[in-house]
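# Chain and residue survey
Given next are the chains, with one letter for each unit.
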Amino acid sequence: MIMGDMQEVYPLARDEAESIRLNAQHNMLVDIVGGPIDKSIPLENISSVADVATGTGIWLLDAQAQLNAHTPSPTAIGTRTYHGFDISAAQFPPSSEKQGISLSVHDILHPFPTEHHNRYDLVHVRMLVAALKAEEYEVAVRNLVPILKPGGYLQWTDLDSSSLPSSPSFTDPRTRPIITSWFKFFELNNLSTCPTTTLRSAYESSKLVDISSTTYLVRGRDELKERAQVWEIQGFSAFMAPVLMATGEVGSQKEAEKRAKEVIGGLQEYFYDDEVLDLRMGVIVGRKAV
């Protein structure tokens, strides 16, 4: 799922435990935004799909199921194809679990091979918020547009944490430390706390049309509350020790793990009051002109 220079920016591992967390997160994110493919995208003529920063490939499997449920493949426009790209093959599923999906290694910050140009009706990207610097979104979108067919759609879903400083959790002593470290990491690495805002400018620069952006709340949705608490605990548990090391707030891995445990404990106490952090998901969709 990582793109760009992960040695400098992206703080997470690429091991089995992280793959399990990513797959669990996928299920949560799909429920937050209402499905793998955005409702604004017509499904009838989608015959080729790409997922960039695919990680374990789980989004492709869900998109495949959604499209087959809508119009079983092969369709009048042929058998659908699915391709996942990632900067590393470390989390690709074994061959027995690919289910008609092809995978290859590629960095979103570099142009795609010409054999993929004008090939995809839908290109999907998700959760690069901790991997791309703010100025790299325009580069990424510029590289993605050539692989879209004319009329094809680019859908990008990412975490929006920009509301946290104005939320009640920011002044709560149980959660302020975790939010402060999170924003310090973003500032240090010039990351965007609201990628969809950054992406709109990139979409416009790349001449995409019919651009739409939707923000999905998590806080206040009772049907998601318990799962959201688990998702936020798991996510920050994975991030906090590396973030604390990257920001220089601790001097050793042992100290980072100890401090991370403390701040995660504060987050858990906050959840005992039936709360969740005001994290949001943004989805931005644009279409390549015909």
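Whatever comes next refers back to the structure up there.
The following paragraphs examine the structure supplied in this document. (Residues numbered from 1 in each chain as written. Predicted model: local features only at pLDDT ≥ 70, side-chain atom pairs only at ≥ 80, totals over all residues. Heavy atoms only, no water.)

### Here we look at the overall build of the protein chain
Helix and strand counts for the protein chain come out as 7 helices and 7 strands. Counting from the amino terminus, helix and strand elements in the protein chain follow one another as α-β-α-β-β-β-α-β-α-α-β-α-α-β. Principal-axis analysis of the C-alpha atoms gives the protein chain an extent of 60 × 40 × 40 Å. When contacts within the protein chain are restricted to residue pairs at least 6 apart in sequence, those whose partners lie at least 24 apart make up 78%. Taking the average location of the 26 positive side-chain charges in the protein chain and that of its 37 negative ones, the two points are 2 Å from each other. (Helix = DSSP H or I, 4+ residues; strand = E, 2+ residues; numbered from the N terminus. Contact = heavy atoms within 4.5 Å. Lys, Arg positive; Asp, Glu negative; His and termini not counted. Charge placed at Lys NZ, Arg CZ, Asp CG, Glu CD.)

### Focus: the nonpolar core
Among the nonpolar cores identified, the biggest contains 57 residues, and Ile32 and Phe236 are the most heavily contacted of them. Among the elements of the structure, α1 (16-33), α2 (58-70), β3 (101-105), β5 (148-160), α4 (176-189), α6 (225-247), α7 (253-271) and β7 (280-287) are those that each provide at least two residues to this core. Counting residues per element, this core draws most heavily on α6, at 9 residues. When sequence neighbours within four positions are dropped, the list of residues in contact with Phe236 reads Ile178, Trp182, Ile264, Leu267, Leu277 and Leu279. Core analysis: the second largest hydrophobic core is formed by 27 residues, Ala53, Ala140, Ile147 and Leu154 among them. (Core = buried A, V, L, I, M, F, W, Y, C linked by side-chain atoms within 4.5 Å. Buried < 20%, exposed > 50% of the residue type's maximum accessible area, 1.4 Å probe, protein only.)

### Description of the packing of aromatic side chains
Pairs of aromatic rings are described using the distance from one ring centre to the other and the angle between the two planes. Applying the stated criterion across every chain yields a total of 8 aromatic pairs. With a centroid separation of 5.0 Å and 80° between ring planes, the pair formed by Phe85 and Phe112 is classed as edge-to-face. Residue Phe85 is found in strand β2 (residues 81-86), and its partner Phe112 is found in the loop between β3 and β4 (120-126); the two are separated by 27 residues along the sequence. Pair check on accessibility: Phe85 and Phe112 agree, each one buried. (Phe/Tyr/Trp six-rings, centres within 6.5 Å; stacked < 30°, edge-to-face > 60°.)

### A short note on the sheet that holds strand β6 (residues 209-217)
A sheet is described by the order of its strands in space; here 7 strands give the open sequence β3-β2-β1-β4-β5-β7-β6, paired in mixed fashion. One side of each edge strand has no neighbouring strand; the edge strands of this open sheet are β3 and β6. Adjacent strand axes in the sheet meet at a mean angle of 15° when their direction is disregarded. Examined bridge by bridge, β6 and β7 share 7 bridges and lie antiparallel to one another. Counted as the bridge partner of Ser213 is Ile284 from β7. (Pairing = 2+ DSSP bridges. Axes fitted to C-alpha atoms, helices over the stretch in contact; angles between N-to-C directions.)

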